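Residue-level structural notes
As a plain string of letters, each chain reads:
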Amino acid sequence: MPARTGRAYLEGLRDQEREVWLRGERVKDVTTHPGLANGARAVAALYDMQGEPSLCDEMTYASPSSGDRVGLSFIIPRTREDLERRRAMMLRWARRTCGMMGRSPDFMNVTFAAWAGAAGYFAQNRPEFGEHIRRYYEHIRERDLTLTHALINLQRSRTASGLNLQEGTALSVVRETDAGIVVRGARILATLGPLADEIAVYSPRMSEMARGDSPFALNFAIPCGTPGLKFLCRESFDLGRSHFDHPLGSRFEEMDCVVFFDDVLVPWERVFLLGDVDLINRTGARTHSMAHSAHQGAAKNIAKCEFVLGVGLLVAEALGNAQLPHSEERLAELMQYTELMKACTRAAEADAQLDEWGVMCPAEVPIEMTRNLFMTAYPRMVEILQLLGSSSFMITPTEEDLGGPLAPQIEQYLATDTAAARDRVKLFRLAWDIAGTSFGSRQVLYERFFAGDPLARARFVGGIYPKAEVMDRVRAFLRDDAEGGSAETG
Ligand SMILES: Cc1cc2nc3c(=O)[nH]c(=O)nc-3n(C[C@H](O)[C@H](O)[C@H](O)COP(=O)(O)OP(=O)(O)OC[C@H]3O[C@@H](n4cnc5c(N)ncnc54)[C@H](O)[C@@H]3O)c2cc1C
């Protein structure tokens, strides 16, 4: 089957019965539930773009197995051009959601493409696992399936060692059978869980697992409707309001879930790594799936930066303060983040190298920097919007008010020199959905944490940074200084 339409995606969700709980009730149909349906529609719209005649070439490529057009985010990049094409495709998807759906399907597609490209990594100790990952990748690519993932074990306490594997909480293998492994425990935080076809489960944390063989060391993927799998949603941030009142929340609710595994059978062909702590811990780095996943994140970040910058500029224009020095300074900071994000992404593509698996890998340092940068840049961008907008965020009557008895007063007093009252309110309701609502606050939390604990991210970047070069320069300076010479080292 070639790249899917939105309709086929929604049908797929309906056809696969799954156990999703929201506000105490089991959701019968995630595609019609008021808290989830608009998010499903937004993902469907992404799939529809693949079939638009003017976009088809940009969004898809010819499958190496079937020849059908399949989603471009599944490509195993072999050239720099492949990486650039993939980024252009992902950026187009991200712009469609204003960068507000971090877990659009490309997020997981690039990871599995990287893993299939590096199948030999999985085959090292158990050759069948290499075959499993290759076949699974082909399975999701040819069916254009949507994946969610849950990497983190729920915390009960934080031990001195930093291990987080309390028995009875963390997901682990309880037994092996001829059919597969049986797993029990809980995982967080499956974003897009109710709206995905499959769930991938792999390393809980880089470098935090015990050494050796462990029942907690797992990498597998199963359909979301697998018996024993239960998704517990947070409350929905789609409040059932109009696009005018709640422009982002009413469109892009991607939902986050705790996932319970009650003795879930994972068939052998869906197991990609098992027990081997060392292989599990090093998967992201050695297969370079982390860099590929950061590449997808960077495309999303660019779209999000552009969108917030655009909102900031319009806010300043509407309030007539764009030329005030402090507004200019704040807007310039938004521009700086936008350009840094683009620059790091381009640098990562320009300096990309074929890795040991023959896959073209974005240069690791600049692409990983996009993640660390955004953990602090995005909260600051939201702060800047708040500083630019101030009390105008509270001068945001609803759509009903605009048609109600106070409409004449609203029209007269809420207009600015540059914006009619309705346009001003509409803009600020959008800005508030970024800077203040539960939807917007969740976006900030997402950017702070989705790529992992900031401390672990800092350590990771410290580990991959080419430190010797800069240290040698300073050493040379110190030497030259002692000898009374110049610090030029060529
Ligand atoms: C909106 C959202 C969506 C997400 N979606 C997904 C998803 O789809 N799939 C998925 O697998 N995960 C997802 N995540 C989870 C994400 O991977 C984790 O939040 C992240 O890895 C951090 O882990 P944690 O939440 O357990 O925080 P913690 O590790 O508990 O960190 C919390 C704070 O404690 C600090 N800290 C950490 N260790 C220590 C220590 N030893 N001593 C003192 N302080 C410490 C950290 O620096 C941090 O500031 C999502 C998270 C969010 C917020």
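What you see is a predicted model; the values in this text were computed from it and never measured. (Residues numbered from 1 in each chain as written. Predicted model: local features only at pLDDT ≥ 70, side-chain atom pairs only at ≥ 80, totals over all residues. Heavy atoms only, no water.)

**Regarding the layout of surface pockets**
Convention followed: Both site types are read off a 1 Å grid over the protein atoms alone. A 1.4 Å probe that fits but cannot get out defines a cavity, while an open set with protein on both sides within 12 Å along at least five of seven lines defines a pocket; lining residues have an atom within 4 Å of a point. Grid points are joined across faces, edges and corners, and a volume is the space filled by probe spheres set on the points. A run of H or I in DSSP counts as a helix once it spans at least four residues, and a run of E counts as a strand once it spans at least two, with each numbered from the N terminus. In the scheme used here, Gly and all other residues not listed as nonpolar or charged are polar, with Ala, Val, Leu, Ile, Met, Phe, Trp, Tyr, Cys and Pro taken as nonpolar and Asp, Glu, Lys and Arg as charged.
Computed from the structure, the second largest pocket encloses a volume of approximately 240 Å³. Taken together, 18 residues make up the lining of the second largest pocket; nearest its centre are P247, D423, K426, L427 and L430. Broken down by secondary-structure element, the contributors of at least two residues to the lining of the second largest pocket are α9 (289-319) and α14 (421-435). Counting residues per element, the lining of the second largest pocket draws most heavily on α14, at five residues. Across the lining of the second largest pocket, the residue classes break down as 11 nonpolar, two polar and five charged.

**Considering the packing of helix α11 (residues 364-389) against helix α15 (residues 438-449)**
Rules: Angles run from 0 to 180 degrees between N-to-C directions of axes, and those axes are lines fitted to C-alpha atoms, restricted for helices to the stretch in contact. Working rule for angles: under 35 degrees goes down as roughly parallel, over 145 as roughly antiparallel, 65 to 115 as roughly perpendicular, anything else as oblique. Crossings are sorted by hand: turned counterclockwise from the far helix by less than a right angle, the near helix makes the crossing left-handed, and turned clockwise it makes it right-handed. Note on definitions: a residue-residue contact is assigned when non-hydrogen atoms from the two residues lie within 4.5 Å.
Where α11 meets α15, the axes come as close as 7 Å, and the angle between the chain directions of the two elements is 160°. Between α11 and α15, the interaxial angle falls into the category roughly antiparallel. Classified by chirality, the crossing of α15 by α11 is left-handed. Contact residues: F374, M375, Y378, P379 and V382 in α11; Q443, V444, E447 and R448 in α15. Residues belonging to the contact of α11 with α15 are distributed by class as follows: six nonpolar, one polar and two charged.

**So, the pairing of strand β13 (residues 271-276)**
Formally: The rule is simple: take the accessible area with a 1.4 Å probe, protein chains only, and divide by the maximum for that residue type; under 20% is buried, over 50% is exposed, in between is partly exposed. Pairing between two strands is assigned when DSSP locates at least 2 bridges connecting them.
With six of six residues buried, β13 lies mostly within the body of the structure. Looking at chain direction, strand β10 (residues 213-223) and β13 are connected through four bridges and run antiparallel. In the sheet register, F220 faces β13, and the bridge partner there is V271.

Coordinates in, geometry out; function isn't part of it.
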